[in-house]
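Structural overview
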Amino acid sequence: MYEAVTTAGWDGEWFVRAYDANSNPVGSKVCEEGQIFIEPQGMCVMAGIGVEEGLAEKALDSVKDRLDTKYGIVLLQPPYQRYHLELGEISSYPPGFKENAGIFCHNNPWISIAETVIGRGNRAFEIYKKTCPAYTEDISDIHRAEPYAYAQMIAGKDAPNFGEAKNSWLTGTAAWTFTNVSQHILGVRPHLDGLIVDPCIPDTIREMTITRHFRGNIYKIHVNNAAGSQKGIRSMTVNGKQIEGTLIPYEPNQGTVEVEAVM
């Protein structure tokens, strides 16, 4: 699968979206419309594909250059201007709406998570803030939706009402965002053998404390980032004992576990 994605699935600057029934690429520079899509860039990098080869960084740079806007990352560019029989519904919407280059809030967190994979905490947090209701209240007159809820989509830059939200509540965005913030930006995520602590945060955050309930224990995690790093744990102690790496081995019936991590 890895080889297939890095060969047939790589387009030179980003990952291809698909191939149609006639074996023509979708989401490629050879396409007149719909040259780059958001989904494969997020999914491939989340899977760790192309990280060592530099493909992941190229793909996410292409997202920033071609898909990013002040209200979030659009689904594709350029939008479809006519109906494509081989693609169907995606090309039936007006440019900038829904799947045709709208800002789908559901998959914006995929790009934020992908940025944490390559260690760019500043960029990951920037993407998170663009669709998070806590940061968008000042554009409520443009958004025109409940200021406390995620929308399924926001009209993209090709739409006449760019920035207007559609279909609030009808989305998996909140769940994906919670996963993004808790497990990838704050970096505290479950593992079969215990709990991983590996934050990827903005370099302006110099200290934070996280409480995590996990398999009957309560983990009190203090992260020291005096160095102003975006990713990388230099040392970690668990109940005063130094451990190697970022995995806290699970032990039952510990009650409260005190964790000190230094970035």
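Basis of the calculations
Residues numbered from 1 in each chain as written. Predicted model: local features only at pLDDT ≥ 70, side-chain atom pairs only at ≥ 80, totals over all residues. Heavy atoms only, no water. Pairing = 2+ DSSP bridges. Helix = DSSP H or I, 4+ residues; strand = E, 2+ residues; numbered from the N terminus. Axes fitted to C-alpha atoms, helices over the stretch in contact; angles between N-to-C directions. Phe/Tyr/Trp six-rings, centres within 6.5 Å; stacked < 30°, edge-to-face > 60°. Buried < 20%, exposed > 50% of the residue type's maximum accessible area, 1.4 Å probe, protein only. Salt bridge = Lys/Arg side-chain N within 4 Å of Asp/Glu carboxyl O. Disulfide = S-S within 2.5 Å. Left-handed = near helix turned anticlockwise from the far one by under 90°. Contact = heavy atoms within 4.5 Å. Nonpolar A, V, L, I, M, F, W, Y, C, P; charged D, E, K, R; others polar. Core = buried A, V, L, I, M, F, W, Y, C linked by side-chain atoms within 4.5 Å.

Right, let's get into the sheet that holds strand β11 (residues 194-197). Spatially, three strands are ordered β10-β11-β16 in an open sheet, and the strand pairing comes out antiparallel. On the outer flanks of this sheet lie β10 (188-191) and β16 (247-249), each paired with one strand and no other. When strand polarity is set aside, the average angle formed by the axes of neighbouring strands in this sheet is 30 degrees. With four bridges joining them, β10 and β11 adopt antiparallel strand pairing. Across the sheet, P190 pairs through a bridge with L195, a residue of β11.

In this description, an aromatic ring pair is defined by two values, namely the gap between the centres and the angle between the planes. Enumeration according to the criterion identifies nine aromatic pairs in this entry. Ring centres 4.9 Å apart and planes at 70 degrees place the aromatic pair W10 and F15 in the edge-to-face group. Look at W10 and you get buried, because its relative accessible area is 17%. Between F125 and Y128 the ring centres are 5.4 Å apart and the planes differ by 50 degrees, which places this aromatic pair in the tilted class. You can see F125 and its partner Y128 sitting in helix α5 (residues 121-131), three residues apart, about one turn around the helix.

Here we take up the pattern of salt bridges. Applying the stated criterion across every chain yields a total of 13 salt bridges. Among the salt bridges present, the one from D68 reaches R123, with a minimum N-O distance of 2.9 Å. Of the two residues, D68 is situated in strand β4 (residues 68-69) and R123 in helix α5; the sequence distance between them amounts to 55 residues. Like D68, the residue R123 is buried in the burial classification. Among the ionic pairs, E164 bridges to K166, the shortest N-O distance being 2.8 Å. Exposure remark for E164: the relative accessible area of 13% places this residue in the buried category. Among the charged side chains, a salt-bridge network with shared partners connects E57, D61, D68, E115, R120, R123, E126 and K130.

Turning next to the state of the cysteines. Following the criterion strictly, the structure yields zero disulfides and no others. In this structure C31 is a free cysteine whose sulfur lies 16 Å from that of C44, the closest cysteine sulfur available. Given the relative accessible area of 12%, C44 is considered buried.

Another point: the packing of helix α2 (residues 38-46) against helix α4 (residues 108-117). Remark: α2 packs on α4, axes separated minimally by 8 Å, with the N-to-C direction vectors making an angle of 40 degrees. Our pair here, α2 against α4, has a crossing hand that is left-handed. Residues I38, E39, Q41, G42, M43, V45 and M46 of α2 form the contact with α4, whose participating residues are N108, W110, I111, I113, A114 and V117. Residues belonging to the contact of α2 with α4 are distributed by class as follows: nine nonpolar, three polar and one charged.

Right, let's talk about α4 for a bit. Among the 10 residues in α4, nine count as buried, and that is most of the element. Taken as a whole, α4 has its buried residues at N108, P109, W110, I111, S112, I113, A114, E115 and T116. If you follow the buried residues of α4, they end up packed against α2, α3 (55-66), β5 (72-73), β7 (103-104), α5 and α7 (173-185).

Before going further, it helps to spend a moment on the sheet that holds strand β8 (residues 151-154). The three strands lie next to each other as β7-β8-β9, forming an open sheet whose pairing is antiparallel. Of all strands in the sheet, those with a lone pairing partner are β7 and β9 (165-168), marking the two edges. For β8 and β9, the ladder comprises three bridges, and the chain directions are antiparallel. Residue pairing for β9: A151 is matched across the bridge by S168.

This brings us to the nonpolar core. Among the nonpolar cores identified, the biggest contains 39 residues, and F15, L67, I73, L76 and I111 are the most heavily contacted of them. Counting residues per element, the ones that place at least two in this core are β3 (36-37), α2, α3, β7, α4 and β8. The element that contributes the greatest number of residues to this core is α3, accounting for five residues. Setting aside chain neighbours within four positions, we find I111 in contact with I38, Q41, G42, L60, V63, I73 and I127. Counting residues in each nonpolar core, the second largest holds 24 residues, with M208, I210, V238 and V259 among its members.

This part takes up the environment of A114. Tracing the sequence through the fold places A114 in helix α4. Judged by its relative accessible area of 0%, A114 falls in the buried class. Linking A114 and C44, residues 70 residues apart in sequence, is a C-alpha distance of 8.3 Å. Every residue in contact with A114, bar those within four places of it in the chain, is listed here: Q41, G42, V45, M46 and L60.

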